Every structure is written in structure tokens, then in C-alpha cells.
Amino acid sequence: MRSCPQSIAGAFVSKGGGAWAGRILIGLWATPSVARADAGGGTPSLFMPVAEPAQSILDYGTLLVLICAVIFVVVMGLLTFTVIRFRASAADNDEEPPQVYGSDQLELAWTIVPVLIVIVLGLITAGRIVALQKDTRPEGSLAVRVVGHQWWWELEYPDLGFVTANELHLPLGQVAFLTLESDDVIHSFWLPQLAGKLDVIPNRKNTMWIEPQKTGMFVGQCAEYCGTQHANMLLRVFVHEPEDFERWVREQQLEARRVDAHAEGRALFAQTACVNCHTVRGLTEIGSFGPDLTHLMSRTTLAAGAAANDEASLVDWLTDPDHIKPGVRMPAMKLSHSQIARLAGYLSSLE
Ligand code: CUA
């Protein structure tokens, strides 16, 4: 189902548009909770689109707000005029004014005008929906399969042959066609500056497209309560120039690095329960419950944006994942300090 309540809500939120009224009414509450700044996130704004369809959604919302603003001004203007013009005065006697029962002109006017307004708004909306929805993959587009998990995003590039997590990389100017699936509960995929919001539902494939128009890093977030760590189900999108994207793809396609200095850590990884959940291409490819770690260090954050991705955080994470992300599905492995140090050393060599 494409137009699930969440996407309507997304469009509705976006409909504040560039209009200042929309900013005040909607912008205030819509933006601050999205994406934590402690891992370098920043706050995305619906009012600063950097891609289609976000730009079209904003334009559409602005138009709706403007039409509604004109109606508001006309109605409130007439009301104010009436209240002032016909207020009680000393010259009034107690006679009732002439009583009018039924006026064809008036009744036709206040029936036809609103009907016409609703029809116009309906046609504009239908036109937008048709223009923005793409159920089949456009030719020349980049396919990405997005799978929502409690509480992280799996990102597969099926035509390019690799899987990553929590950081979506896209080339500038090329349409990306996303298939959204869930591995457990209902999530919602929301990139405020790039596209609308779409539910990610178990046993269903929803589709979304994005055509980035600006390079940079843009943050997004799961927008449907999906359990304890819903708020830490963040997503980062990196939009690159095409050649930079190609380079990133080539690096991701490689198998995991094998650094001799980390042979012990690698062996430890391969021997522990880590492998039941995590794939490191070229070493072990059994696990798929947790994020693919083949190029772990090419990502800027750990735990779907809950911490910066560096060796110190890795040590913290391996010692007690719950400490960084309470409720996380990854258990503390109860390893010794030296084992954790070796493991963190190995993982931080996976560039
Ligand atoms: Cu996934 Cu909220």
C-alpha cells in the first residue's frame, strides 16, 4: 500500500511548505527530535529539500497552505467586518431586523464555491500523487533494497553485489529506486530533505524513489514507534558526485581486508557467536541478523547512529552494547578485556 497513513502524514507535515505560516505551525515540532547531534547528525528540515520528491512535496504543500490562507483571510475578514459594522449602538431600537427565510443565491453560493474549492484541491492532490508514485523501477535507476530491523537499517545494492547498514550512499542526479521491507515490526522510512515518509511493513514491499540534487550528508530516522530503541534507529544519506559514488561502490565490492596484525582478533571473531549474526565477506557469511561488517569502518556511526564509529566506541559496544543502546538485540559477549581489545582492533581494521 503506497498511500499508507504514514505517508499521508508525511505529506501533511510537509505541507507547511515554504510558507512562513507553515514554518511556524509545523516546523517547530516537526524537526527537533530527528537525528541526534552527538554522532554528527544535525537536524534535517522539511523546508530545505535537496532532492525530488521532497521538493515537489514542499511545493505542493506550499500551494495548499496558500490556498487555505486566502480562504482564511477572506472568511475572517468578512467576519471581522460584520462584527464591527453591525455591532450594537445607542441608536438601536429593540426591533428585530427583517427575517429572511431562504435565499437561492446565498445557498447556491455557499454550496458551489466550497465544492469547487474541494474539487480543485482534490485534482491538484491526485495529480501530485500520480506524478510522485512510481511502482515500477524506472530505467537507468539505482536499485536499493532497504530492510528495517529492530533497530537498524539493512541496505542492499542488489545489482552491485554488496550489503551495508545505516548509511545510504547515492549518486547525484540519478534516480534511486528503493524497495522497503521489514524483518520484524512496522517501521517507517523518513528522509525529510529527500523524500516523503513511507511505512516499512512486514510481508509487504513498498517502493520509494529519490533523485538527489545536492551532494552532502543528510539525516533521516525511523518514524514509526517500533520498540525500545525506535528513537535510535537513525539513518544517514551521503549523496556523492557520480565518480565518488563509483569509488565507494568499488571499495564496498571488495572482500574484507585481512591485516596480519589483527590475525588474532580475526580468529576470535570467527570462533565466537559474532558470526551467527554478522557477515564479514571473505571470512564468514553465515550471519544476517545483524549488520554486515565487511567494511564497518567505512561508516561514520555505530549502532544506527547511537555512537561515533571508532575503536574506543567499539570497545564500549563490545563490552556492553546495552550501555550505548538499551534494549539492543546484540548481547554482551562476556569476553575478557584483552579479547575485547583484540576484537575491536580487528573490527576497526575493516575499512
Ligand atoms: Cu524502526 Cu521506529
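Here the structure is a predicted model, which means the values were calculated and not measured.

Q: Can you walk me through the overall build of the chain in this structure?
A: Assigned secondary structure in the chain consists of ten helices and 13 strands. Taking all 351 residues of the chain together, the buried fraction comes to 46%. Long-range contacts, defined here as pairs at least 24 residues apart, represent 65% of the contacts in the chain between residues at least 6 apart. For the chain, the exposed area adds up to about 18100 Å²; of that, 61% sits on carbon and sulfur atoms.

Q: Sorry, what's going on with unusual backbone geometry here?
A: Leave glycine aside and you will find that most residues have negative phi; peptide bonds, for their part, are mostly trans. Look at the link from Glu52 to Pro53: it is a cis peptide, with omega at 10°. As for its position among the elements, Pro53 is in the loop between strand E1 (51-52) and helix H3 (54-85). Here the residue pair Gln150 and Trp151 is connected by a cis peptide bond, since its omega of -5° sits within 30 degrees of zero. Residue placement: Trp151 occurs in the loop between strand E2 (142-149) and strand E3 (152-157). Although it is not a glycine, Asn166 adopts a positive phi angle of roughly 65°. Position of Asn166 relative to the elements: it lies in the loop between strand E4 (162-165) and strand E5 (167-171).

Q: What is the right way to read the sheet that holds strand E9 (residues 206-212) from this model?
A: Sheet strands line up and pair through hydrogen bonds in the backbone, either parallel or antiparallel. What the six strands build is an open sheet, ordered E1-E9-E6-E2-E3-E4; its pairing is mixed. The open sheet has two edge strands with one neighbour each: E1 and E4. Bridge count for E3 against E4 is four bridges, and the pairing is antiparallel. Residue pairing across strands places Tyr157 opposite Phe162, the latter belonging to E4. Most of the contacts of helix H5 (residues 242-253) go to E4, to which it runs at about 105°, and overall it touches E2, E3 and E4.

Q: What is the right way to read empty space enclosed by the protein from this model?
A: Here the idea is plain: a probe the size of a water molecule rolls over the atoms and shows the empty space left. Counted by the stated rule, this structure contains two cavities of 30 Å³ or more. Estimates place the volume of the second largest cavity at around 30 Å³. Taken together, Thr164, Glu167, His169, Trp248, Gln252, Ser298 and Arg299 make up the lining of the second largest cavity. Going through the elements one at a time, E5 and H5 are the ones with two or more residues in the lining of the second largest cavity. Of the residues that constitute the lining of the second largest cavity, the class distribution is one nonpolar, four polar and two charged.

Reading the values: rules and limits
- Residues numbered from 1 in each chain as written.
- Predicted model: local features only at pLDDT ≥ 70, side-chain atom pairs only at ≥ 80, totals over all residues.
- Heavy atoms only, no water.
- Helix = DSSP H or I, 4+ residues; strand = E, 2+ residues; numbered from the N terminus.
- Buried < 20%, exposed > 50% of the residue type's maximum accessible area, 1.4 Å probe, protein only.
- Contact = heavy atoms within 4.5 Å.
- Areas by Shrake-Rupley, 256 points an atom, 1.4 Å probe, with all protein chains shown as cover.
- Pairing = 2+ DSSP bridges.
- Axes fitted to C-alpha atoms, helices over the stretch in contact; angles between N-to-C directions.
- 1 Å grid on protein atoms, 1.4 Å probe; cavity = no way out; pocket = protein on both sides within 12 Å on 5 of 7 lines; lining within 4 Å.
- Points joined across faces, edges and corners; volume = space filled by probe spheres on them.
- Nonpolar A, V, L, I, M, F, W, Y, C, P; charged D, E, K, R; others polar.

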